[in-house]
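Architecture and fold: a report
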Amino acid sequence: MSNFVQSLRLWFAPERIRDEGDTPDYRFSLANERTFLAWLRTALALIGGGFAVDQFLPDLRWGWRIGLALALLAAGVLSSLRAVNHWVRCERAMRRGEDLPVSRFPTVLSLAVAVVALAMVVVVLFGWEG
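Now for a look at the structure at hand. All values derive from a computational prediction rather than experimental measurement. (Residues numbered from 1 in each chain as written. Predicted model: local features only at pLDDT ≥ 70, side-chain atom pairs only at ≥ 80, totals over all residues. Heavy atoms only, no water.)

Here we come to the layout of surface pockets. The computed volume of the largest pocket comes to approximately 180 Å³. Among the elements that line the lining of the largest pocket, the one with the most residues is helix α3 (residues 62-96), at five residues. Grouping the amino acids of the lining of the largest pocket by side-chain chemistry returns three nonpolar, three polar and five charged. (1 Å grid on protein atoms, 1.4 Å probe; cavity = no way out; pocket = protein on both sides within 12 Å on 5 of 7 lines; lining within 4 Å. Points joined across faces, edges and corners; volume = space filled by probe spheres on them. Helix = DSSP H or I, 4+ residues; strand = E, 2+ residues; numbered from the N terminus. Nonpolar A, V, L, I, M, F, W, Y, C, P; charged D, E, K, R; others polar.)

The structure is reproduced here in structure tokens:
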């Protein structure tokens with residue numbers, strides 16, 4: 001079974017993670033959980049930002065409004081999925097005594113947020129009508 005499929009199954013049955021390796025120091029597991037919750041807060045903020053752009057900027061050109069809102073909503077969805085995926089991968093690595101997994105996702109998310117922020121700068125500088 002592929003690593004991805006096995007990780008995906010653990011999303012819905014996290015108690016099965018105990019079948020792997022040794023129990024890590026609980027402080028590390030709690031830190032992993034706090035990181036998971038931070039990713040979820042980030043996802044909620046991005047989703048809220050997407051709704052705010054759509055609902056509170058009605059004078060913004062339709063293409064700009066929908067594009068910015070969808071970019072923020074997509075980033076929120078990806079962040080929420082990434083949260084659980086990263087939690088499982090880190091928990092498994094700690095139980096196995098392996099190095100924690102690395103990821104390019106924080107960089108990709110940062111770039112996406114920067115692009116949306118630059119687009120908003122353009123909107124502010126040149127007005128709602130473009």
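There is more to say after this.
Here we take up the packing of helix α1 (residues 3-12) against α3. At a closest axis distance of 10 Å, the pairing of α1 and α3 adopts a crossing angle of 105 degrees. When the axis of α1 is compared with that of α3, the two are roughly perpendicular. Along its contact with α1, which presents N3, Q6, S7, L10 and W11, the element α3 presents L81, V84, N85, V88 and R92. Residues of the contact of α1 with α3, tallied by class, amount to five nonpolar, four polar and one charged. (Axes fitted to C-alpha atoms, helices over the stretch in contact; angles between N-to-C directions. Parallel < 35°, antiparallel > 145°, perpendicular 65-115°, else oblique. Contact = heavy atoms within 4.5 Å.)

This part takes up the pattern of salt bridges. Enumeration over the complete set of coordinates arrives at five salt bridges. With a closest N to O distance of 2.9 Å, E20 and R96 form a salt bridge. Of the two residues, E20 sits in the loop between α1 and α2 (26-56) while R96 sits in helix α3, which places them 76 residues apart along the sequence. On the accessibility criterion, E20 (12% relative accessible area) is buried. Between E98 and R96 there is a salt bridge, and its shortest N-O distance comes to 3.9 Å. (Salt bridge = Lys/Arg side-chain N within 4 Å of Asp/Glu carboxyl O. Buried < 20%, exposed > 50% of the residue type's maximum accessible area, 1.4 Å probe, protein only.)

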